[in-house]
Amino acid sequence: MPRAGRRSLLVLASLAVLLVGGTFVFWATRPVPHGECVVAHSRLSGADSPGPAGSELEELTRRAYEKAIADGRCERPWPRWRGWID
């Protein structure tokens, strides 16, 4: 194999290793919820009023979850790798 071919193959292999390593580090450092955390919310509406939109329900759930964390009822999300060590 010519020298230029080996060099380009080495460069491609190095890039592949860097890409896989970077993807793994990104995946391992994303915060994930752990433990059990039950969050509930309710909303009253009249018979004539339209139901809540999906984005509105997601926002209510997110706020309830953040309040539960602030109140100490749920643990904060932590990076995925911490679960491997603990």
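Small disclaimer: the values here were computed from a predicted structure and weren't measured.

**Considerations on the overall build of the protein**
Helix and strand counts for the protein stand at 3 helices and 2 strands. Traced from its N-terminal end to its C-terminal end, the protein shows the element sequence α-β-α-β-α. In terms of overall dimensions, the protein is more spread out than a globule: its C-alpha atoms have a radius of gyration of 23 Å, far above the 12 Å expected for 86 residues. In terms of overall dimensions, the protein has a C-alpha envelope of 75 × 40 × 15 Å along the principal axes. Among the 86 residues that make up the protein, the fraction classed as buried is 9%. Within the protein, counting contacts between residues at least 6 apart in sequence, those at least 24 apart form 66% of the total.

**Here's the deal with the packing of aromatic side chains**
Counting across every chain of the model gives 1 aromatic pair. A centroid spacing of 6.0 Å and a plane angle of 40° characterise the contact between Phe 24 and Trp 27, whose relative ring orientation is tilted. Of this pair, Phe 24 and Trp 27 both sit in helix H1 (residues 3-29), 3 residues apart, roughly one helical turn.

**Observations concerning the state of the cysteines**
Taken as a whole and assessed by the stated rule, the structure comprises 1 disulfide. Paired by a disulfide, Cys 37 and Cys 74 hold their sulfur atoms 1.7 Å apart. Its S-S torsion of about 75° marks the bond between Cys 37 and Cys 74 as right-handed, since a negative value means left-handed. With a gap of 37 residues between them, Cys 37 in the loop between strand S1 (31-32) and helix H2 (54-71) and Cys 74 in the loop between H2 and strand S2 (78-79) connect regions that are remote in the sequence. When its relative accessible area of 10% is taken as the criterion, Cys 74 is described as buried.

**Describing the environment of Ser 49**
Assignment of secondary structure puts Ser 49 in the loop between S1 and H2. Judged by its relative accessible area of 33%, Ser 49 is partly exposed.

**Details of H2**
Across its 18 residues, H2 extends 26 Å between first and last C-alpha, which sits within 8% of the 26 Å expected from 1.5 Å per residue. Burial in H2 covers these residues: Ala 64, Ala 68 and Ile 69. Viewed along the axis of H2, the buried residues span an arc of 140°, placing them on a single side of the element. What points out from H2, more than 90 degrees from its buried face, is the exposed set Ser 55, Arg 63, Lys 67 and Ala 70.

What counts, and at which threshold
- Residues numbered from 1 in each chain as written.
- Predicted model: local features only at pLDDT ≥ 70, side-chain atom pairs only at ≥ 80, totals over all residues.
- Heavy atoms only, no water.
- Helix = DSSP H or I, 4+ residues; strand = E, 2+ residues; numbered from the N terminus.
- Rg over C-alpha atoms; globule rule 2.2 N^0.38 Å.
- Buried < 20%, exposed > 50% of the residue type's maximum accessible area, 1.4 Å probe, protein only.
- Contact = heavy atoms within 4.5 Å.
- Phe/Tyr/Trp six-rings, centres within 6.5 Å; stacked < 30°, edge-to-face > 60°.
- Disulfide = S-S within 2.5 Å.
- Expected span 1.5 Å × (residues − 1).
- Arc of directions from axis to C-beta.

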